[in-house]
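Reading the structure
So you can see what is in the structure, the chains are spelled out below.
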Protein chains: 2
Amino acid sequence: MTKINDTVTTRGQAVLEALRDLVLGGRLAPGTRLNEIELSQRLGVSRTPVRAALTALATQDLIEYTPNSGYSIRAYSARDLENVFEVRATLEGLANRQAAEAGFSPESEARVDDILDSTAALVAGGEWSAEICDRWVALNIAFHQAINRAAGNQRLLTLLERSPVPFIYAVRYQWFTLDIVSKAQDDHVEMASVIKNRQVGRAEAIGREHIYRTTRPLIEKCRELERLQQQEGCAIADLLQPLRTADDSGESRRALLGFGA
Amino acid sequence: MTKINDTVTTRGQAVLEALRDLVLGGRLAPGTRLNEIELSQRLGVSRTPVRAALTALATQDLIEYTPNSGYSIRAYSARDLENVFEVRATLEGLANRQAAEAGFSPESEARVDDILDSTAALVAGGEWSAEICDRWVALNIAFHQAINRAAGNQRLLTLLERSPVPFIYAVRYQWFTLDIVSKAQDDHVEMASVIKNRQVGRAEAIGREHIYRTTRPLIEKCRELERLQQQEGCAIADLLQPLRTADDSGESRRALLGFGA
DNA sequence: GCTCACCTTATTGTATCCAATCATGCTATC
DNA sequence: GATAGCATGATTGGATACAATAAGGTGAGC
């Protein structure tokens, strides 16, 4: 079994990264218990750093904790997702506004333009594969990160980066089609433009709307699935079902940890 | 030395509460190191639950963590405070909007009205003492909590309740004067009214503005102090200085823990 | 045959021990 | 006299042993 990467500061930190990837990967069904002993054995460490990582993940609401019972993968209902995205939309709106207030630094502006060029090229290519999708997802994260950083609000940045949107990574091959990504590209171009022109009010509105636009169909899909089944949480488990068995070799970091299917 | 309250589920949870109160209490100067051994001895437990609590607090950004060095009380610059309150204002705006969208339940409405009656009575009394201030602070928290709950967004509620505004508790005697509280009362009345009338847009704007209004003077004060001294962080330490020696018998829970001056 | 109680076992919670790391202060050398 | 290197102490990081709790199964009694 592969050991963890020990170039990181402490084992606890490394385990935290590993378990975060595991949880966000979406391979584990809601309710799955995270056994401390099993995890520590898989990662080649003792229970101590595993417990530290689990504590941190539970504090971030990425997993559930029940005293004397342990940690488990939490279920997301369509309502939960809606709430998560509503908060995120609001916070990204704030980030865009503050970025517009502050204006881009020359470096930020260059970076944003670079990213937009890259994503434009991907979209214009007309091809769409798992590999290209992964490239686009990385660029998409980089784009939002660049804007969120430009806002110059450390508190906001921390909240946005520490609350990754669950399932987005997991469902990306199903979700980010060329059509969706093309619309996102238009949004991104407008976001950058509005910030450059320091249009504060529009920046907030567009930043917020961009999140609503891109996530609403996902929520609708979950809601539909929930209607078909009565049980809460199961809806999303099903949405992810195809992924739990799919090939995932592209994700090097998680694969490195021995968490393959 | 007083032991921790063991009616709570696990020692780890109890220690977390205790340390959270300690940190939010504002008695410890920025940079103060949180020695695991010392804390465990004070609380009458081993280092293990202390470490769990410290991990959680660091994850919530209430304390700072440096690998192989430990945990310490973080400093807040005026800029930090501004960022924290900007995020909070935005989130409370969202809460008010969602509350207006959903409307009050009969119970929520009754509770909000009760609280408004109580705070109105305090303000109308014309007297202002530490004791009355404490009563008002508790009611103020209850008011915002009631509205935030009425929004029906669990995610949002968690973020708001897990990110208590630092220093508010610490500086409350200096800060919440009869004048300030009286203005807050007007805001609260309007917030409740607008939600009752389901005026969604105004609810968001007023909720947001209420936070800006009540916190901006605090930020200005910090900024002024920072101008006087060059060092960052020290400003707020000074703002709190009088409190570090002040009598604090009103805070039963923290006093219970043996963290007196 | 069903239910309740007890016991067993698996897993978490806590304490303690050892290792690793960092900071401090001293000494020696330039 | 100043600086670099080393040694020593204090503190954190990690592992392990032990205690407590919860869940599940088995047995006996009704």
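As a starting point, this report considers the structure included with it. This one's a predicted model, so the numbers in the text were calculated from it and none came from an experiment.

Analysis parameters
Residues numbered from 1 in each chain as written. Chains lettered and ligands numbered in written order. Predicted model: local features only at pLDDT ≥ 70, side-chain atom pairs only at ≥ 80, totals over all residues. Heavy atoms only, no water. Helix = DSSP H or I, 4+ residues; strand = E, 2+ residues; numbered from the N terminus. Expected span 1.5 Å × (residues − 1). Polar contact = N/O pair within 3.5 Å; in protein donor to acceptor, adjacent residues only side chain to side chain. 1 Å grid on protein atoms, 1.4 Å probe; cavity = no way out; pocket = protein on both sides within 12 Å on 5 of 7 lines; lining within 4 Å. Points joined across faces, edges and corners; volume = space filled by probe spheres on them. Nonpolar A, V, L, I, M, F, W, Y, C, P; charged D, E, K, R; others polar. Core = buried A, V, L, I, M, F, W, Y, C linked by side-chain atoms within 4.5 Å. Buried < 20%, exposed > 50% of the residue type's maximum accessible area, 1.4 Å probe, protein only. Contact = heavy atoms within 4.5 Å. Least-squares fit on C-alpha atoms with pLDDT ≥ 70 in both.

**Remarks on helix H3 (residues 47-59) of chain A**
Since the α-helix turns once every 3.6 residues, residues separated by three or four places project in the same direction. In a regular helix each residue adds 1.5 Å, so 13 residues correspond to 18 Å; H3(A) covers 18 Å between its end C-alpha atoms and thus fits that length. For H3(A), the N-terminal cap is A:Ser46; the gap from its side-chain oxygen to the backbone nitrogen of A:Thr48 is 3.2 Å.

**Topic: empty space enclosed by the protein**
Inspection of the entire model under this criterion finds eight cavities of 30 Å³ or more. Reported here for the largest cavity is a volume of approximately 420 Å³. Breaking the lining of the largest cavity down by element, the ones donating at least two residues are helix H7 (154-162) of chain A together with helix H4 (78-102) and helix H7 (154-162) of chain B. Of the residues forming the lining of the largest cavity, the biggest block, five residues, is contributed by H7(B). When the residues that make up the lining of the largest cavity are grouped by side-chain class, the tally is seven nonpolar, eight polar and seven charged.

**Notes on the nonpolar core**
A:Leu81, A:Val112, A:Trp136, A:Phe143, A:Ile147, A:Phe176 and A:Ile195 are the most contacted members of the largest nonpolar core, which has 40 residues in total. For this core, the secondary-structure elements that each account for two or more residues are helix H4 (78-102), helix H5 (106-125), helix H6 (130-150), helix H9 (178-196) and helix H10 (200-228) of chain A. Once you skip the residues sitting within four places of it in the chain, A:Phe143 turns out to touch A:Val112, A:Ile115, A:Leu116, A:His188 and A:Met191. B:Tyr76, B:Leu122, B:Ile132 and B:Ile180 belong to the second-largest nonpolar core, a separate cluster that totals 23 residues.

**Quick look at the relation of the copies chain B and chain A**
Overlay of chain B on chain A (RMSD 0.1 Å): rotation 180°, translation along the axis 0.0 Å. When the rotation and shift are considered jointly, the pair of chain copies conforms to a two-fold rotation axis. Taking the C-alpha atom as reference, chain B places B:Ala56 closest to the rotation axis, 2.8 Å from it. Same-surface contact between copies: 97% of interface residues of chain B are shared with the interface of chain A.

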